[in-house]
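Commentary on secondary and tertiary structure
One letter stands for each residue in the lines below.
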Amino acid sequence: MTPHAGPVLELREVSRVHGQGETAVHALRGLSLAVTTGELVAVMGPSGSGKSTLLHLAGGLDSPTVGEVLVEGQDLGTLSKAAVAGLRRRSIGYVFQDFNLIPALTAVENVALPLELDGVPSRRARKEATQALAEVGVKELAGRFPDDMSGGQQQRVAIARALVGDRRLVLADEPTGALDSETGEAVMRLLRARIDAGAAGLLVTHEARHAGWADRIVFLRDGRAVDDTGYASDAESLLEESR
Amino acid sequence: MSIRHGLLALLDEGPKYGYQLRQEFERATGATWPLNVGQVYTTLTRLERDGLVRGEGSDESGRVGYALTDEGRTELHRWFATPISRETRPRDELAIKLALATTVPGVDVTAIVQGQRTSTLRTLRELTRLKKAAAEDDLPWLLVLDSMIFQAEAEVRWLDHCESRLARSSRSTAPARPSAENRPADDHTATDHEGVRR
């Protein structure tokens, strides 16, 4: 597949309303966001601020009431259900708080699974999965089952699974939530490195410390972006100059 | 904390010159605390007066070396063994600013909270970049960076908490009013006054 030149993920004036009339809940109100290759955008905010809705929309699990969601240039609203499902399988990887690895499969089988579901021959899927595990530094865990791994190791495997093959968009939902602070930092460092190596990432977290790894941090409240750090400019890097 | 204890700690390894102490102090604290040579020599003079260090004479280029005395070593270990009291740290200007903002009519406290949070998140991002760039074995620098990162994180959490508290307070004390911006100034004072009195 030829990589799409523009943003890997783009939200244009997206609103999502649940229910109608008096009881309508405005989960998101006119949010715009773009994430290009090599970029990590973090979304923070209290519970109920619209973070989960945003991830569901970005992953094609939900549709906006108003506005457009584009993944690799394709407007999800114009695609059939089957086409959205295909796009989700081929282009989008997920990293969750609780890792979501399949307990009955080894690490390499877990990573190969999305490729196999997409029709990649078993041998090739396994080879790509082994490569993906090597890229996250846990090649030696290939034959291990999730129960025999630490939380940090499971999350590394989950990151490998999210970015195996041609996947270029990773949606991370509190990926450090179940980990101690140092392991959480190692996972963020890895996620950052994988994104630097050629992926786009959207990170939802309530921990500012982990959001600090992003290029841009958006703070949601009541479905609106109330704070936005924008992208780092060179002029801002005062601390770096003092080094 | 004082520069005194920093210098005593560096001298624990062995005698050093003033310029050397300055360099090592900055390296250990990751240049977050720049010292000028004057501060280093003034502090060394006082430490010598108090018997905590002693001058070791000068070398051929006139540079004076300093060494830790037994009293100095005792003072250093006393410092390491004593927890730092939060009370002795400078007052938190931000907390005072927010507290006062709620009492001044016409000030948009929520805007202050949001502006501060954006600024602190930017700082956090910069600190994280420095951490990403730091050498893995540069333990002193990583510890200092982590300290700044955790403090920035705590400030963001506190600001978020303030924002929720402000939202709740304006809902419970001003139910019929359309929005904070449109409120007449005297009403605003009354609301905030009530909030502060509690």
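What you see is a predicted model, and the numbers here were worked out from it, not measured in a lab.

**Remarks on the interface of chain B and chain A**
Taken together, the contact between chain B and chain A spans 26 residues of the former and 31 residues of the latter. Taken as a group, Leu121, Arg125 and Lys132 of chain B account for 23% of the area that chain B buries against chain A, more than any other trio of residues on that side. At the junction of chain B and chain A, the tally comes to six salt bridges. A salt bridge links Glu163 of chain B to Arg221 of chain A; the nearest nitrogen and oxygen atoms lie 2.7 Å apart. In this assembly, chain B and chain A are joined by 12 residue pairs in polar contact (both at pLDDT 80 or more).

**Side note on the pattern of salt bridges**
This structure, assessed with the given rule, holds 30 salt bridges over all chains. Between Arg192 of chain A and Asp215 of chain A there is a salt bridge, and its shortest N-O distance comes to 3.0 Å. Of the two residues, Arg192 of chain A is situated in helix 6 (residues 181–196) and Asp215 of chain A in the loop between helix 7 (208–211) and strand 9 (216–221); the sequence distance between them amounts to 23 residues. Residue Asp215 of chain A is classed as buried on the basis of its relative accessible area of 14%. Linking Arg49 of chain B and Asp50 of chain B is a salt bridge whose minimum nitrogen-to-oxygen distance equals 3.0 Å. Judged by relative accessible area, which is 35%, Asp50 of chain B ranks as partly exposed.

**Focus: the packing of helix 2 (residues 18–28) of chain B against helix 3 (residues 37–49) of chain B**
Residue and element names in this part refer to chain B. Where helix 2 meets helix 3, the axes come as close as 9 Å, and the angle between the chain directions of the two elements is 115 degrees. The angle between helix 2 and helix 3 places the two elements in the roughly perpendicular class. Considering how the two elements wind past one another, helix 2 and helix 3 form a crossing that is right-handed. Judged by residue contacts, Gly18, Tyr19, Leu21 and Arg22 of helix 2 engage Val37, Val40, Tyr41 and Leu44 from helix 3. Residue composition of the contact of helix 2 with helix 3, by class: six nonpolar, one polar and one charged.

**Describing the sheet that holds strand 1 (residues 16–17) of chain B**
Residue and element names in this part refer to chain B. With respect to topology, three strands assemble into an open sheet ordered 1-3-2, the strand pairing being antiparallel. Two strands close off the open sheet at either side, each with one partner strand: strand 1 and strand 2 (53–58). Relative to strand 3 (residues 64–68), strand 2 runs antiparallel, the two being bridged by four bridges. Directly across from Gly55, in strand 3, lies its bridge partner Tyr66.

**Some details on the packing of aromatic side chains**
All names here are of chain B. Per the stated rule, a full pass over the model turns up three aromatic pairs over all chains. Taking the centre distance of 6.0 Å and the plane angle of 15 degrees together, the rings of Tyr17 and Tyr19 count as stacked. Overall, Tyr17 belongs to the partly exposed group, its relative accessible area being 24%. Owing to a relative accessible area of 34%, Tyr19 belongs among the partly exposed residues under this scheme.

**Some words on the environment of Tyr94 of chain A**
Residue and element names in this part refer to chain A. Mapped onto the fold, Tyr94 is located in strand 6 (residues 92–96). Apart from the residues within four sequence positions on either side, Tyr94 is in contact with Gly59, Arg88, Ala158, Arg161, Ala162 and Leu171. A distance of 3.2 Å separates the side chain of Tyr94 from the backbone oxygen of Gly59, its partner in a polar contact. At 3.2 Å, the side chain of Tyr94 and the side chain of Arg88 are in polar contact.

The rules behind these values
Residues numbered from 1 in each chain as written. Chains lettered and ligands numbered in written order. Predicted model: local features only at pLDDT ≥ 70, side-chain atom pairs only at ≥ 80, totals over all residues. Heavy atoms only, no water. Contact = heavy atoms within 4.5 Å. Buried area = accessible area lost by both parts, 1.4 Å probe. Salt bridge = Lys/Arg side-chain N within 4 Å of Asp/Glu carboxyl O. Polar contact = N/O pair within 3.5 Å; in protein donor to acceptor, adjacent residues only side chain to side chain. Helix = DSSP H or I, 4+ residues; strand = E, 2+ residues; numbered from the N terminus. Buried < 20%, exposed > 50% of the residue type's maximum accessible area, 1.4 Å probe, protein only. Axes fitted to C-alpha atoms, helices over the stretch in contact; angles between N-to-C directions. Parallel < 35°, antiparallel > 145°, perpendicular 65-115°, else oblique. Left-handed = near helix turned anticlockwise from the far one by under 90°. Nonpolar A, V, L, I, M, F, W, Y, C, P; charged D, E, K, R; others polar. Pairing = 2+ DSSP bridges. Phe/Tyr/Trp six-rings, centres within 6.5 Å; stacked < 30°, edge-to-face > 60°.

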